[in-house]
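Structural overview
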Amino acid sequence: MNVAKARVCIVDDDPAVQDSVRALLAAFGFETHCVASAEDFLVGNFSGSIDGMVLDLRLPKMSGIDLLTQLTEQGTAVPTVVISGHRDEDVLAQLASFQAVIFLMKPFAPDRLVDFLSEHCTSKGNG
């Protein structure tokens, strides 16, 4: 699938994770933007301009689950890869209620991230 120009927002408070995910996705033709918190994502009003999201589960203040819930309630949810270094069965059960969301444990296999986004993201741009 051609993912060129598909836009993905990386929401993670770890700059090293932001940089590595950005480099990985850029190598596959995705356009990326990084923010360090759910609040920065909301203030930046990215929900209408992205095709997918890579979202850390544990963020300062507002959690990844809280952001997903808010976006879903607003009708602006996008395909999302939730990443975390912590496995919590209660959180995994919550994630099952969202559409087009997968969970990957850090460190994750890069191909799983790229495959999911390639399958679920369609560019909203003009080419």
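The paragraphs below set out a description of the structure included in this document. (Residues numbered from 1 in each chain as written. Predicted model: local features only at pLDDT ≥ 70, side-chain atom pairs only at ≥ 80, totals over all residues. Heavy atoms only, no water.)

1. A closer look at the packing of helix H1 (residues 15–27) against helix H5 (residues 110–120)
Axes are the key here: two packed helices are described by the angle between their axes and the distance separating the axes. Heads up, the rule is: Lines fitted to the C-alpha atoms define the axes, with helices restricted to the stretch that makes contact. Angles between their N-to-C directions range from 0 to 180 degrees. Here a strand is any run of E in DSSP of at least two residues, a helix any run of H or I of at least four, and the numbering for each starts at the N terminus. Note on angle classes: values under 35 degrees are labelled roughly parallel, values over 145 roughly antiparallel, values of 65 to 115 roughly perpendicular, and the remainder oblique. The hand of a helix crossing depends on one turn: near helix anticlockwise from the far one by less than a right angle means left-handed, and clockwise means right-handed. Any two residues having at least one pair of non-hydrogen atoms within 4.5 Å are treated as being in contact. By the convention adopted, Pro, Cys, Tyr, Trp, Phe, Met, Ile, Leu, Val and Ala count as nonpolar, Lys, Arg, Asp and Glu as charged, and the other residues, Gly among them, as polar.
Two elements in contact, H1 and H5, have axes whose closest approach is 11 Å; the angle formed by their N-to-C orientations is 55 degrees. Taken together, the axis directions place H1 and H5 in an arrangement best described as oblique. Here H1 and H5 pass one another in a crossing that is right-handed. Between H1, through Val21, Leu24 and Leu25, and H5, the contact on the second element is made entirely by Pro110, Leu113, Val114 and Leu117. For the contact of H1 with H5, the per-class residue count stands at seven nonpolar, no polar and no charged.

2. Quick word on the pairing of strand S3 (residues 52–56)
What counts here: Accessibility here uses a 1.4 Å probe with only protein chains present; expressed as a share of the type maximum, an area under 20% marks a residue as buried, one over 50% as exposed, and anything in between as partly exposed. In this description, strands pair whenever DSSP reports at least two bridges between them. When the strands point away from the viewer and the path from the first strand over the helix to the second turns clockwise, the crossover is right-handed.
Among the five residues that make up S3, five are buried, leaving the element largely enclosed by the rest of the structure. Pairing analysis gives four bridges linking strand S1 (residues 7–11) to S3, with the strands arranged parallel. When the sheet's bridge partners are listed, Cys9 is paired in S3 with Met53. Taken together, the four bridges between S3 and strand S4 (residues 80–84) define a ladder with parallel strand orientation. Its bridge partner lying in S4, Leu55 is registered against Val82. This β-α-β element, S3 to helix H3 (residues 64–74) to S4, shows right-handed connectivity.

3. Some remarks on unusual backbone geometry
Following Lys106, the chain continues to Pro107 via a peptide bond in cis, the omega torsion being -10 degrees. Relative to the helices and strands, Pro107 is located in the loop between strand S5 (101–105) and H5. With a phi close to 60 degrees, Lys61 is a non-glycine residue in the positive phi region. Looking at the element boundaries, Lys61 is found in the loop between S3 and H3. Classification of Lys61 as exposed rests on a relative accessible area of 82%. Although it is not a glycine, Ala100 sits at a positive phi angle of roughly 50 degrees. With respect to the helices, strands and loops of the structure, Ala100 is situated in the loop between helix H4 (89–95) and S5. The partly exposed category is assigned to Ala100, whose relative accessible area is 29%.

4. Here's the deal with the pattern of salt bridges
The condition that has to hold: Salt bridge criterion: a side-chain nitrogen from Lys or Arg within 4 Å of a carboxyl oxygen from Asp or Glu.
Under the criterion given, the structure shown has three salt bridges. For Asp12, the salt bridge identified is with Lys106, shortest N-O distance 3.4 Å. Taken together, the residues span a long stretch of sequence, with Asp12 in the loop between S1 and H1 and Lys106 in the loop between S5 and H5 at a distance of 94 residues. Lys106 sits in the partly exposed class, given a relative accessible area of 25%. In this structure, Lys106 and Asp56 form a salt bridge, with 3.6 Å as the shortest nitrogen-oxygen distance.

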